[in-house]
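Per-entry structural report
Each chain is listed here by its residues.
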Amino acid sequence: MSDISKTTINLPVDLKKELKKMAIDEETSLSGLIIKMIEEGMKNRNKVISDED
């Protein structure tokens, strides 16, 4: 992974609660869960783009 940069995002309260529950279930932090979701989304996006070629 490259250098880390801190970013603040505003989440709806209900979404944040659901994400926190998911993070606890996966035994990770909220930020760790969000990073994992972003990475998975980027992999899927790149796969779709490469499949179109």
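Everything here concerns the structure above.
What comes next concerns the included structure. (Residues numbered from 1 in each chain as written. Predicted model: local features only at pLDDT ≥ 70, side-chain atom pairs only at ≥ 80, totals over all residues. Heavy atoms only, no water.)

**A closer look at the overall build of the protein chain**
The following threshold applies: Only DSSP runs of H or I with at least four residues qualify as helices, and only runs of E with at least two residues qualify as strands; both kinds are numbered from the N terminus onward. Using C-alpha atoms as the atom set, the radius of gyration is obtained and then compared with a globule rule of 2.2 Å times the number of residues to the power 0.38. Throughout this description, buried means an accessible area under 20% of the type-specific maximum (1.4 Å probe, protein chains only), exposed means over 50%, and partly exposed covers the range between. To be clear on the numbers: accessible area is Shrake-Rupley with a 1.4 Å probe, and residue cover counts the displayed protein chains and nothing else. We score Asp and Glu as negative and Lys and Arg as positive, and we do not count His or the chain ends. The atom standing in for a charge is NZ when the residue is Lys, CZ when it is Arg, CG when it is Asp and CD when it is Glu.
Broken down by element type, the protein chain carries two helices and zero strands. Computed over C-alpha atoms, the radius of gyration of the protein chain comes to 14 Å, more than 25% over the 10 Å expected from 2.2 N^0.38 for 53 residues, which places it beyond the range of a compact globule. Taken over the C-alpha atoms alone, the protein chain extends approximately 40 × 25 × 20 Å along its principal axes. Each of the 53 residues in the protein chain was classed as buried or not, and the buried ones make up 8%. Summing over all exposed atoms, the protein chain offers an accessible surface of approximately 5000 Å²; the carbon and sulfur share of this is 54%. Put simply, the protein chain has 9 plus and 11 minus side-chain charges, and the middle of one group is 7 Å from the middle of the other.

**Re helix H1 (residues 13–25)**
We apply this condition: Take the number of residues in a helix, subtract one, and multiply by 1.5 Å to get its expected span.
The end-to-end C-alpha separation of H1 is 19 Å, in line with the 18 Å expected for 13 residues at 1.5 Å each. Note on H1: the residue one or two positions beyond its end, glutamate 27, has a positive phi of about 55°.

**Focus on the pattern of salt bridges**
Put simply, the test is: Should a side-chain nitrogen of Lys or Arg be within 4 Å of a carboxyl oxygen of Asp or Glu, the pair is scored as a salt bridge.
Applying the stated rule across the entire model yields two salt bridges. Across the pair lysine 21 and glutamate 18 runs a salt bridge whose closest N-O atoms are separated by 3.6 Å. Separated by three residues within a single helix, lysine 21 and glutamate 18 lie in helix H1, roughly one turn from each other. A salt bridge links lysine 36 to glutamate 26, with the shortest nitrogen-to-oxygen separation between them at 2.9 Å. Of the two residues, lysine 36 sits in helix H2 (residues 30–52) while glutamate 26 sits in the loop between H1 and H2, which places them 10 residues apart along the sequence. Relative accessible area serves as the criterion here: at 37%, lysine 36 is assigned to the partly exposed category.

Honestly, it's all geometry; don't read function into it.
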